[in-house]
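The chain contents come next:
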Amino acid sequence: MASDSPIISLKNVSKEYQVGDFEVTALDDVSLEVTSGEFIIILGPSGSGKTTLLNVIGGLDSPTDGTVVVNGNEIQNLKDKELTEFRRHNIGFIFQFFNLLPTLSAEENIALVDELTSDEELKPQDMIDAVGLLERKDHFPSQLSGGEQQRIAIARALVKNTPIMLCDEPTGELDFETGIKILKLLRRLNKEYKKTFLIVTHNAALAPIADRVIKLRSGKITDDERNENPIDPENVSW
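Please read all numbers here as calculations on a predicted model, not as lab measurements. Each chain carries its own residue numbering, running from 1 in the written order of its sequence. Note on the predicted model: pLDDT of at least 70 is required for a residue's local features to be given, and 80 or more for side-chain atom pairs to be given and counted; whole-chain, interface and lining totals, by contrast, use all residues. Excluding hydrogens and water, the side-chain values take into account all heavy atoms of the structure.

Peer 1: So what exactly am I meant to see when it comes to the sheet that holds strand β5 (residues 73–74) here?
Peer 2: Adjacent strands of a sheet pair through backbone hydrogen bonds, lying either parallel or antiparallel. Strand pairing is assigned whenever DSSP detects at least two bridges linking the two strands. In this text, helices come from DSSP runs of H or I with a minimum length of four residues, and strands from runs of E with a minimum of two, each type numbered from the N-terminal end. Across the sheet, which stays open at both edges, the four strands sit in the order β2-β1-β4-β5 with antiparallel pairing between neighbours. Each edge of the open sheet carries a strand with a single partner, namely β2 (22–35) and β5. Note: strand β4 (residues 65–70) against β5, two bridges, orientation antiparallel. Residue pairing for β5: V70 is matched across the bridge by N73.

Here you go:
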């Protein structure tokens, strides 16, 4: 169950980009609170601001206006070095593309992040076991399927032992069956490790698995609904 304390708070956040002679508004006066332990699906068409929202929360991008507080850190005005430190201790990222280093084994890809973050609670081998790939720990990315690579990428994000997991189209490059397995894994890890998950997707069929569904269009939140009875990912079809 999610606690009552907000772990993420955005107030009147806007993000504008200059594209040639044009100014593009990616986020338009967005306000949002997320409580610890929530499993949230963020829906919207391409260009709706979904990825920008994740990037602002994760400190990969700074808002043009507004306030962003994540796990007690007000981050909108932090310098690059401060943002790096913030991400190291607060944010785990899972992307559509796995971004594994091809010359390192599965375990070595995870261990590299573990060494950088110096967290002593979670070990690379424990995380490989958590995603069900202990027997593949010595394999290189080229020897793993797409689903296996994504599971290693998830283990790599988890080993940081951060309270927040930001996932940008984590099943976008996977077939239906593998995608369902990944979603089941994310939901299980959310429950077992009590981590807050924000998952960006364009696939509306995934909405029923979430505790909460946030919809964006043209940089604005158009809907924010809670699911009283989220369904198991294995019951989703698209």
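Having seen the model, we can carry on.
Peer 1: Help me understand the packing of helix α5 (residues 146–158) against helix α6 (residues 176–193) in this model?
Peer 2: Relative placement of two packed helices is described by the angle separating their axes and the distance separating the axes. Only the stretch in contact is used when fitting a helix axis, every axis being a line fitted to C-alpha atoms; angles between N-to-C directions are given from 0 to 180 degrees. Put simply, α5 and α6 touch, their axes get as near as 10 Å, and they point 20° apart. If you check the angle between α5 and α6, you find them roughly parallel. For the pair α5 and α6, the sense of crossing is right-handed. Seen from α5, the contacting residues are G147, Q150, R151, I154 and L158; seen from α6, they are T178, I182, L185, L186 and L189. Every angle not falling under 35 degrees, over 145, or within 65 to 115 is termed oblique; those three ranges are roughly parallel, roughly antiparallel and roughly perpendicular. Each crossing is labelled by how the near helix is turned from the far one, with a counterclockwise turn of less than a right angle marking it left-handed and a clockwise turn marking it right-handed. Working rule for contacts: check all heavy atoms of both residues, and any pair within 4.5 Å makes them a contact.

Peer 1: What am I meant to see in unusual backbone geometry here?
Peer 2: Peptide bonds are, in most cases, trans, and in most cases residues other than glycine have a negative phi. Located in the positive-phi region is D29, a residue other than glycine, with phi close to 55°. By the element assignment, D29 lies in strand β2.

Peer 1: Would you mind going over the pattern of salt bridges with me for this structure?
Peer 2: A side chain with one charge can pair with a side chain of the opposite charge if their charged atoms come near. By definition here, a salt bridge exists when the distance from a side-chain nitrogen of Lys or Arg to a carboxyl oxygen of Asp or Glu is within 4 Å. Inspection of every chain in the model, using the stated rule, returns 14 salt bridges. The partner of K184 in a salt bridge is E234, and the shortest N-O contact between them spans 3.5 Å. You can see K184 sitting in helix α6 and its partner E234 sitting in the segment after β10 (220–226), a full 50 residues away along the chain. Any residue under 20% of the maximum accessible area for its type is buried, any over 50% is exposed, and the rest in between are partly exposed; the area is computed with a 1.4 Å probe on protein chains only. Residue classification places K184 among the partly exposed residues on the basis of a relative accessible area of 32%. The class of E234 is exposed, set by a relative accessible area of 51%. Among the charged side chains, a network of salt bridges with common partners joins E38, R212, D224 and R226.

Peer 1: Looking at this model, I keep getting lost on the packing of aromatic side chains. Mind explaining?
Peer 2: For any pair of aromatic rings, the description rests on two quantities: the centre-to-centre distance and the angle between the ring planes. The criterion for an aromatic pair is that two Phe, Tyr or Trp rings (for Trp, the six-membered ring) have centres within 6.5 Å, with stacked assigned to planes under 30 degrees apart, edge-to-face to planes over 60 apart and tilted to the rest. For the structure on display, the rule yields two aromatic pairs. Note on F39 and F197: the rings are 5.7 Å apart at their centroids and 40° apart in plane angle, and the pair reads as tilted. Taken as a pair, F39 in strand β3 (residues 39–43) and F197 in strand β8 (residues 196–201) lie far apart in primary sequence, 158 residues in all. Per residue, the accessibility class of F39 equals that of F197, and both read buried. A ring pair is formed by F93 and F95, whose centres lie 5.7 Å apart and whose planes are at 5°; its orientation type is stacked.

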